[in-house]
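What follows is the residue order along each chain.
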Amino acid sequence: MATDPSDEEFLQAVEEHVFGRGGTVRLTLPGAAALDRQQLLDARIVRCIETRETRDRRVPGLRRAEIAERPACTDLAAHPVDPPDDPARSRTLTLVRAGSLDEIVCEGCEGGTRDCEACGGRGGRDCPRYVDCDVCEGGPDACWECDGTGTPRTRGAARAARPRPQDAAKRATCARCERPEVACPKCLGRRHLDCPVCDRSGRVPCRGCGGRERIRHTPCAGTGHFTVWTEGIIRHTPDAKEVKRLAPLVVRMPTDATGDWRETRLTSVTDKLPDDLDPAHRALLEPELAVRDGEVRRRVTVRRLPLARVTVRDDPHRVYYAFPVRSGGIDVVGLPSRQRVLHVTARASAALVLLALAAALVVALSR
Ligand SMILES: [Zn+2]
Ligand SMILES: [Zn+2]
Ligand SMILES: [Zn+2]
Ligand SMILES: [Zn+2]
Ligand SMILES: [Zn+2]
């Protein structure tokens, strides 16, 4: 593992950068530049958290043979299971507690079916075979001769004596007394009609069971049985946390590709944080590394990169950041100092206000 660049090496790198921009001062001379070392931190803690629980299972049907093929355990709490090699992977293991598997008869039905609730298991309901005619209302108006009885109250001569209303032509021949043009055109003197609901059968089948009297019992899926057992579930769930202290500015700062990050991996709770870790970062990370409830595996990746912040006495408007790069050597990024940035922004804002005023003036004049 390479060692961090020295202050001198950082200053030389910045000096070369400044020379490229026309600078002439040797930054390694006392008082020519100020250097402030800081360490960037990019740490990730991934734990594998194990939880165990039991629950009672009940599924429709006779499935003992099938469920018995699943892995079994006698004591869920003590059952040994290796956590996943990669703590970032989640995994669920379901087990059947030995001795708990059974097949039972469904108590809500008989053989998978039960009496239809809609018809009380009768398959349907009784219904009148006939209904009153809705034209003559099932009364004497059914036939002017026989009142729907089949026996005319008048004989021969009386026929002419009975008054004939204007709509006599719409009357029909009576099906009972057989006189023409006297009967209700709908029931033909019978007073009643075939029931349209049961079609004169006297019975209406139940819509719930279609007349079969029994229906399939849904909870047991019509099997009449349940398979029951106690299930143990062991879950391995990843829990990830990032702890970062990155560069103060985001412009072209060291990334994975450029910066020569130093990486240390801890996989056990007894593994030590690297010696070269900034004490402030160590204080930040240590409390995060305590063993958690249910923790069975961990992977802590601690990446750090030395960064030097350099200011040059003769060039107060810029600040330089230097850091080692993966390809070897030291990269330097020069940025306007904070005061400079604020100053430029203020000037830009003032210019925008002037532009807006000018535009308003043009609009006013063109009216
Ligand atoms: Zn059932
Ligand atoms: Zn009649
Ligand atoms: Zn009628
Ligand atoms: Zn009916
Ligand atoms: Zn029914």
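Conventions adopted
- Residues numbered from 1 in each chain as written.
- Chains lettered and ligands numbered in written order.
- Predicted model: local features only at pLDDT ≥ 70, side-chain atom pairs only at ≥ 80, totals over all residues.
- Heavy atoms only, no water.
- Donors = N, O, S within 2.8 Å, 3.2 Å for Na, K, Ca; no water.
- Buried < 20%, exposed > 50% of the residue type's maximum accessible area, 1.4 Å probe, protein only.
- Phe/Tyr/Trp six-rings, centres within 6.5 Å; stacked < 30°, edge-to-face > 60°.
- Lys NZ or Arg CZ within 6 Å of the ring centre and 35° of its normal.
- Salt bridge = Lys/Arg side-chain N within 4 Å of Asp/Glu carboxyl O.
- Helix = DSSP H or I, 4+ residues; strand = E, 2+ residues; numbered from the N terminus.
- Contact = heavy atoms within 4.5 Å.
- Pairing = 2+ DSSP bridges.
- Core = buried A, V, L, I, M, F, W, Y, C linked by side-chain atoms within 4.5 Å.

K.L.:
Before we go on, may I ask you to explain the coordination of the zinc ion (ligand 1) in this structure?
P.N.:
Only Cys106 (SG), Cys109 (SG), His217 (ND1) and Cys220 (SG) from the protein reach the zinc ion (ligand 1) as donors, at distances of 2.1 to 2.3 Å. Written as a sequence motif, the donor arrangement for the zinc ion (ligand 1) is C-x2-C-x107-H-x2-C. Owing to a relative accessible area of 11%, Cys109 belongs among the buried residues under this scheme.

K.L.:
Help me understand the packing of aromatic side chains, please; the structure alone is not making it clear to me.
P.N.:
The relation between two aromatic rings is expressed through the spacing of the ring centres and the mutual angle of the planes. Within this structure, the stated rule accounts for zero aromatic pairs. Here the basic side chain of Arg58 rests over the ring of Phe226, its NZ or CZ set 3.8 Å away from the ring centre. The aromatic ring of Trp144 is capped on one face by Arg171, whose charged end is 3.8 Å from the ring centroid.

K.L.:
Honestly, the pattern of salt bridges in this entry has me stumped. Any pointers?
P.N.:
Close approach of charged atoms lets side chains of opposite charge pair. The tally for this structure, following the rule as stated, stands at 30 salt bridges. Among the salt bridges present, the one from Asp4 reaches Arg262, with a minimum N-O distance of 2.8 Å. Highlighted residues: Asp4 in the segment before α1 (7-20) and Arg262 in strand β12 (residues 262-266), separated in sequence by 258 residues. Residue class for Arg262 comes out buried when judged on its relative accessible area of 15%. A salt bridge links Glu117 to Arg114; its shortest N-O distance comes to 3.3 Å.

K.L.:
Looking at this model, I keep getting lost on the coordination of the zinc ion (ligand 3). Mind explaining?
P.N.:
Protein-derived coordination of the zinc ion (ligand 3) comes from Cys133 (SG), Cys136 (SG), Cys184 (SG) and Cys187 (SG), at a distance range of 2.1 to 2.5 Å. Between the donor residues of the zinc ion (ligand 3), the gaps in sequence give the motif C-x2-C-x47-C-x2-C. You can see Cys133 sitting in the loop between β7 (130-132) and α3 (158-161) and its partner Cys187 sitting in the loop between α3 and β8 (192-194), a full 54 residues away along the chain. Residues Cys133 and Cys187 agree in their burial class; the two are buried.

K.L.:
Honestly, the environment of Glu213 in this entry has me stumped. Any pointers?
P.N.:
Position of Glu213 among the secondary structure elements: in the loop between β9 (203-205) and β10 (214-216). Glu213 sits 98 residues away from Asp115 along the chain, and the two C-alpha atoms are 6.2 Å apart. Residues in contact with Glu213, not counting those within four places in the same chain, are Arg114, Asp115, Cys116, Gly121, Arg122 and Gly123.

K.L.:
How should I be thinking about the pairing of strand β15 (residues 330-336) in this particular structure?
P.N.:
Two faces make up the sheet, and in a regular strand the side chains alternate between them. With seven bridges joining them, strand β14 (residues 315-324) and β15 adopt antiparallel strand pairing. In the strand pairing of β15, Tyr320 is matched with Gly334. Once β14 ends, the chain turns through five residues before running back antiparallel as β15, passing Gly328 with a positive phi of about 100°.

K.L.:
Is there a simple way to explain the environment of Ile233 in this structure?
P.N.:
Within the secondary structure layout, Ile233 lies in strand β11 (residues 225-245). The exposure class of Ile233 is buried, given its relative accessible area of 1%. Separated by 138 residues in sequence, Ile233 and Leu95 have C-alpha atoms that sit 6.3 Å apart. Apart from residues no more than four positions distant in its own chain, Ile233 is found in contact with Thr51, Arg52, Glu53, Arg55, Leu76, Thr92, Leu93 and Thr94.

K.L.:
What am I meant to see in the nonpolar core here?
P.N.:
Nonpolar side chains in soluble globular proteins tend to end up buried together. Formed by Phe10, Leu11, Ala13, Val14, Val18, Leu27, Ala308, Val310, Val312, Tyr320, Ala322 and Val332, the largest nonpolar core amounts to 12 residues. Within the residue set of this core, elements represented by two or more residues are α1, β13 (295-312) and β14. Per-element accounting of this core gives the leading share, five residues, to α1. Phe10 has contacts with Pro5, Leu35, Arg37, Pro306, Ala308, Ala322, Phe323, Pro324 and Ile330, leaving out every residue within four places of it along the chain. Formed by 11 residues, the second largest nonpolar core is a distinct cluster that contains Ile45, Leu266, Leu285 and Val302.

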